[in-house]
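Chains, contacts and geometry: an overview
The primary structure of each chain is shown beneath.
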Amino acid sequence: MTQVPNNNEVAAARRCVEDAWRGLGARSAPDFLEIFARYGEPHRAYHTFEHVLECLGWLEACEELAEHPLEVRLALVYHDVVCAPGCTDNEVRSGDLFRVHAEANQLPNGPTERIVRLIEGTALHQAHGGDGALVNDIDLAVFGSSPRRFAQYDGAVRKEYGHVDEAVFRRGRRLILRSFLEGTAIYRTPFFGERLEAQARKNLARAIAALGSTHSVGEL
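So, here is what we can say about the structure in this document. As the structure is a prediction and not an experimental result, all values here were calculated from the model.

Across its full length, the protein holds ten helices and zero strands. The order of α-helices and β-strands along the protein, N terminus first, is α-α-α-α-α-α-α-α-α-α. At 17 Å, the protein has a C-alpha radius of gyration in line with the 17 Å of a compact globule built from 220 residues. Overall size of the protein, expressed as C-alpha extent along the three principal axes, is 55 × 35 × 30 Å. When each of the 220 residues of the protein is scored for burial, the buried share is 48%. Carbon and sulfur atoms make up 53% of the accessible area of the protein, which amounts to about 10700 Å² in all. Charge-centre separation for the protein: the mean point of 25 positive side chains lies 4 Å from the mean point of 31 negative side chains.

Below, the structure is given as structure tokens:
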């Protein structure tokens, strides 16, 4: 089950986000509560603010790998800010919302466009280098988590797609997970490859096998 961030975690995240805006030259920072509220939408089960906190935790552990750390930070905060299950343009719409906030708060164009590209890049997770690869690896870090944590993640994804027929969901989910497993490497940076690749492959293989069995996704 996804944990609800406590007040201290939310306050720390707010400072982290506002510091990034100002550090990049914005006149001010957007209303953090608007962002936080979006991640609290009732249909979300995995793409919640807890996921954002996990991403920021990973970034803190490897921030020296980022070319533009503050830009990576904001990209991670915004990459799932729009999340409508079944829609194929969530990342584009998330990038659009970031651009609206950037213009309203007078963020310089350079950081704005780079951050939008990072956000949109999480749609296909195909970046092979630079900050794009780092953002993608952080977003996919859950693949390499413990079997129990991965099962929680997998069950939460199924819950978000509760409106989708079971057979249809299984077919689509198998294709998505298999696309990661069949690639040369899930993670593009040595930092994540060395730490998570082996476990991620085990988790994905187990999930794919379960999707082809008679067990439900929630029983993983």
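Continuing now.
For Ala200, the position within the fold is in helix 10 (residues 190–211). When the C-alpha positions of Ala200 and Val116 are compared, they lie 27 Å apart, and in sequence the two are 84 residues distant.

Taken across its ten residues, helix 4 (residues 69–78) has eight buried, putting it largely inside the fold. Burial in helix 4 covers these residues: Glu71, Val72, Arg73, Leu74, Ala75, Leu76, Val77 and Tyr78. Where helix 4 is buried, its residues touch helix 1 (7–23), helix 2 (32–39), helix 3 (49–62), helix 5 (90–104), helix 6 (109–121) and helix 7 (130–139).

Turning our eyes to something else, we now look at the side chain of His47. Along the polypeptide, His47 turns up in the loop between helix 2 and helix 3. Note on His47: relative accessible area 19%, which makes it buried. Polar side-chain contacts of His47 include one of 2.8 Å to the side chain of Glu160. Each residue touching His47, except ones within four places of it in the same chain, is listed here: Tyr39, Asp80, Cys83 and Glu160.

Let's shift gears to the packing of aromatic side chains. For the structure shown, the criterion picks out 17 aromatic pairs. Where Phe32 meets Phe49, the ring centres are 5.7 Å apart and the plane angle is 90°; that geometry is what we call edge-to-face. Of this pair, Phe32 sits in helix 2 while Phe49 sits in helix 3, and the two are 17 residues apart along the sequence. The pair formed by Phe32 and Phe49 is uniform in burial state, with each residue classed as buried. Chaining the aromatic ring pairs together yields one cluster made of Tyr46, Phe143, Phe150, Tyr153 and Phe180. When the ring centre of Phe169 is taken as origin, the NZ or CZ atom of Arg158, which lies over that ring, is 4.3 Å away. If you follow Arg195 out to its NZ or CZ, it ends over the ring of Phe191, 3.7 Å from the centre.

A few words now on the packing of helix 1 against helix 4. The N-to-C vectors of helix 1 and helix 4 enclose an angle of 130°; their axes lie 9 Å apart at closest approach. Comparing the axis directions of helix 1 and helix 4 gives the class oblique. The handedness of the crossing between helix 1 and helix 4 comes out as left-handed. Contacts between helix 1 and helix 4 pair Cys16, Val17, Asp19, Ala20, Trp21 and Gly23 from the former with Leu70, Arg73, Leu74, Val77 and Tyr78 from the latter. Per-class residue counts for the contact of helix 1 with helix 4 are eight nonpolar, one polar and two charged.

What counts as what
- Every chain begins its residue count from 1, and numbering advances along the sequence as written.
- Restriction of local features to residues with pLDDT of at least 70 applies here, the model being predicted, together with a cutoff of 80 or more for giving and counting side-chain atom pairs; totals for whole chains, interfaces and linings are based on all residues.
- Excluded from the side-chain calculations are hydrogens and water; all other atoms, namely the structure's heavy atoms, are used.
- Working definition: helices are DSSP H or I runs of at least four residues, strands are E runs of at least two. Numbering for both runs from the N terminus.
- In this treatment the radius of gyration is a C-alpha quantity, and the globule benchmark scales as 2.2 Å times the residue count to the 0.38 power.
- Type-normalised accessible area, obtained with a 1.4 Å probe on protein chains alone, sets the label of each residue: buried when under 20%, exposed when over 50%, and partly exposed for intermediate values.
- Under the convention used here, a 1.4 Å probe and the Shrake-Rupley method define accessible areas, while residue burial counts only the protein chains that appear.
- Neither His nor the chain ends contribute to the count of charged residues, in which Lys and Arg are positive and Asp and Glu negative.
- A charged residue contributes its charge at one atom only: NZ of Lys, CZ of Arg, CG of Asp or CD of Glu.
- Should any heavy atoms of two residues lie within 4.5 Å, those residues are considered in contact.
- Whenever two N or O atoms come within 3.5 Å, that pair is a polar contact, provided that in protein one can donate a hydrogen and the other can accept it, and provided that, for residues adjacent in sequence, both atoms are side-chain atoms.
- Only rings of Phe, Tyr and Trp enter the pairing, Trp through its six-membered ring, and a pair is recorded when the two centres are within 6.5 Å. The plane angle decides the type: under 30 degrees is stacked, over 60 is edge-to-face, the rest tilted.
- Sitting over a ring, as applied to charges here, requires NZ of Lys or CZ of Arg to be within 6 Å of the ring centre and within 35 degrees of the ring normal.
- Angular values range over 0 to 180 degrees, each being the angle between N-to-C directions of two axes fitted as lines to C-alpha atoms, with helices fitted over their stretch in contact.
- The cut-offs work like this: below 35 degrees is roughly parallel, past 145 is roughly antiparallel, 65 to 115 is roughly perpendicular, and the gaps in between are oblique.
- Handedness of a helix crossing follows the sense of rotation of the near helix relative to the far helix, less than a right angle counterclockwise being left-handed and clockwise being right-handed.
- Throughout, the ten residues Ala, Val, Leu, Ile, Met, Phe, Trp, Tyr, Cys and Pro are labelled nonpolar, Asp, Glu, Lys and Arg are labelled charged, and all others, Gly among them, are labelled polar.

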